[in-house]
Amino acid sequence: MKSLEGKTVLVTAAAQGIGRASALAFASAGAKVYATDVNMDPLAALDGKGGVETRKLDVLNASQVDATVNEIGVVDILFNCAGFVHAGTVLDATDDDLAFAFDLNVKAMVRTIRAVLPGMIQRRHGAIINMASVASSVKGVPNRFAYSVTKSAVLGLTKSVAVDYVAQGIRCNAICPGTVESPSLVERLKAQGDYETTRAAFIARQPMGRIGTPEEIADLAVYLAGATYTTGQAYCIDGGWTI
């Protein structure tokens with residue numbers, strides 16, 4: 001794995017799941033990592049772990065985003081991990097549901113990218129990694145309307161940023177996971193009323209016969225941070241779900 005020694009990484013939604021695993025993986029690769037989240041209790045456990053420093057950050061708040069980036073200074077790598085999974089079809093999604101989904105899953109990324117891009121352009125290098133999903137324009141997934149629509153937008157956002165700034169040394173890629181083990185997944189499965197049956201159904205749809213781990217997604221994030229000839233791509237990491 002390529003060393004990220006001397007690089008500074010900003011990770012959103014780092015308190016748990018993929019964000020947490022990625023913050024630790026970036027630090028293991030030698031980077032200085034700023035792990036951010038609105039949930040400070042679990043985030044605090046990361047503070048001081050091999051080059052990880054924590055910050056409270058609400059990515060729905062543009063002024064907080066700008067202030068955090070100004071405080072950090074140089075950001076070489078941005079990992080946009082914050083997001084929310086809405087359940088339901090187009091008939092279930094209210095205008096408020098859609099507005100929140102776009103705000104957290106798409107516009108939050110726009111805010112962080114706008115904040116870090118000027119510095120990256122000035123230094124003529126930078127890597128932006130956006131969390132998308134196979135539940136997007138990649139694959140239709142039942143009862144994931146608002147989520148799929150917004151994650152499709154993330155793919156468009158990624159390619160747009162990539163093409164606009166490729167000549168200035170900026171790379172922008174997206175990660176499209178399948179089903180990944182996380183506290184939020186457990187909550188969604190429990191919300192169905194029969195946790196074991198629902199979990200078994202989720203596992204059954206995975207060709208590899210298991211759910212992915214946050215660490216497996218984190219490995220891809222670290223790779224993309226150092227993949228200097230790669231930009232504008234959407235990487236599916238789904239255990240063969242989209243074969």
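The rules behind the values
Residues numbered from 1 in each chain as written. Predicted model: local features only at pLDDT ≥ 70, side-chain atom pairs only at ≥ 80, totals over all residues. Heavy atoms only, no water. Helix = DSSP H or I, 4+ residues; strand = E, 2+ residues; numbered from the N terminus. Buried < 20%, exposed > 50% of the residue type's maximum accessible area, 1.4 Å probe, protein only. Contact = heavy atoms within 4.5 Å. Areas by Shrake-Rupley, 256 points an atom, 1.4 Å probe, with all protein chains shown as cover. Lys, Arg positive; Asp, Glu negative; His and termini not counted. Charge placed at Lys NZ, Arg CZ, Asp CG, Glu CD. Phe/Tyr/Trp six-rings, centres within 6.5 Å; stacked < 30°, edge-to-face > 60°. Axes fitted to C-alpha atoms, helices over the stretch in contact; angles between N-to-C directions. Parallel < 35°, antiparallel > 145°, perpendicular 65-115°, else oblique. Left-handed = near helix turned anticlockwise from the far one by under 90°. Nonpolar A, V, L, I, M, F, W, Y, C, P; charged D, E, K, R; others polar. Expected span 1.5 Å × (residues − 1). Core = buried A, V, L, I, M, F, W, Y, C linked by side-chain atoms within 4.5 Å. Pairing = 2+ DSSP bridges. Salt bridge = Lys/Arg side-chain N within 4 Å of Asp/Glu carboxyl O.

Caption draft 1: Seen up close, the overall build of the protein. Counting its secondary structure elements, the protein contains 8 helices and 7 strands. Projected onto its principal axes, the C-alpha positions of the protein cover 50 × 35 × 35 Å. Here the protein holds 243 residues, and 49% of them are scored as buried. Once local pairs closer than 6 in sequence are excluded, the contacts in the protein between residues at least 24 apart make up 69%. Split by element, the accessible area of the protein, about 11,000 Å² in all, is 54% carbon and sulfur. The distance from the centre of the 22 positive side-chain charges to the centre of the 23 negative ones in the protein is 6 Å.

Caption draft 2: Spotlight on the packing of aromatic side chains. One pass over the full model with this rule turns up 2 aromatic pairs. Plain terms: the ring middles of Phe26 and Phe79 are 6.2 Å apart, the flat faces sit at 80 degrees to each other, and that makes the pair edge-to-face. Of the two residues, Phe26 sits in helix 1 (residues 17-28) while Phe79 sits in strand 4 (residues 77-80), which places them 53 residues apart along the sequence. The same class applies to Phe26 as to Phe79, namely buried. Ring centres of Phe84 and Phe100 lie 5.9 Å apart, and the angle between their planes is 75 degrees; this geometry places the pair in the edge-to-face category. Remark: Phe100 occurs in helix 4 (residues 95-123) and Phe84 occurs in the loop between strand 4 and helix 4; sequence separation between them is 16 residues. Classification of Phe100 by relative accessible area gives partly exposed; the value is 34%.

Caption draft 3: Inspection of the packing of helix 1 against helix 8 (residues 214-226) at higher detail. Contact geometry of helix 1 with helix 8 gives a least axis separation of 8 Å together with a crossing angle of 50 degrees. Between helix 1 and helix 8, the angle falls in the class oblique. Crossing of helix 1 over helix 8 shows right-handed handedness. Contacts from Gly17, Ile18, Ala21, Ser22, Ala25 and Phe26 in helix 1 reach Pro214, Glu215, Ile217, Ala218, Ala221, Val222 and Ala225 in helix 8. Its residues assigned to classes, the contact of helix 1 with helix 8 shows 10 nonpolar, 2 polar and 1 charged.

Caption draft 4: Spatial organisation of helix 5 (residues 145-165). End to end, helix 5 covers 31 Å across 21 residues, agreeing with the expected 30 Å (1.5 Å per residue, within 8%). When helix 5 is considered as a whole, its buried residues turn out to be Ala146, Tyr147, Ser148, Thr150, Lys151, Val154, Leu155, Leu157, Thr158, Val161 and Ala162. The inward-facing, buried residues of helix 5 abut helix 4, strand 5 (126-131), strand 6 (170-177) and strand 7 (234-237).

Caption draft 5: Inspection of the nonpolar core at higher detail. Within the largest apolar cluster, 69 residues are counted, with the highest numbers of intra-cluster contacts made by Phe26, Val33, Phe79, Ile128 and Ile175. By residue number, the principal contributor to this core is helix 4, which donates 9 residues. In contact with Phe26, not counting residues within four places along its chain, are Leu4, Val9, Val11, Ala31, Val33, Ile77, Phe79, Ile129, Ala221, Val222 and Ala225.

Caption draft 6: Region of the structure containing the side chain of Thr68. Tracing the backbone through its elements, the reader meets Thr68 in helix 3 (residues 62-72). The contacts of Thr68, once residues within four sequence positions are left out, are Lys56 and Leu57.

Caption draft 7: A look at the sheet that holds strand 2 (residues 32-37). One open sheet accounts for 7 strands, arranged 3-2-1-4-5-6-7; its pairing is parallel. Across the chains shown, the open sheet's two edge strands, defined by having one partner strand only, are strand 3 (52-56) and strand 7. Across the sheet, the axes of successive neighbouring strands diverge by a mean angle of 20 degrees, strand direction being ignored. One ladder, built from 4 bridges, connects strand 4 with strand 5; its direction is parallel.

Caption draft 8: Structural view of the pattern of salt bridges. According to the stated counting rule, one finds 6 salt bridges in the structure shown. Residues Glu71 and Arg55 are paired through a salt bridge, measuring 2.8 Å at the closest nitrogen-oxygen approach. Taken together, the residues Glu71 in helix 3 and Arg55 in strand 3 connect sequence positions 16 residues apart. Across the salt bridge formed by Arg199 and Glu181, the nearest N and O atoms sit 2.5 Å from each other.

Caption draft 9: Molecular detail of the packing of helix 6 (residues 183-191) against helix 7 (residues 195-204). Between helix 6 and helix 7, whose axes approach to 8 Å, the crossing angle comes to 120 degrees. The orientation of helix 6 with respect to helix 7, classified from their angle, is oblique. The way helix 6 lies across helix 7 gives a crossing that is right-handed. In this structure, helix 6 contributes Leu185, Val186, Leu189 and Lys190 to the contact, and helix 7 contributes Tyr195, Thr198, Arg199 and Phe202.

Caption draft 10: Quick look at unusual backbone geometry. A positive phi angle is found at Ala13, which is not glycine, with a value near 50 degrees. Although it is not a glycine, Arg124 adopts a positive phi angle of roughly 60 degrees. Within the secondary structure layout, Arg124 lies in the loop between helix 4 and strand 5.

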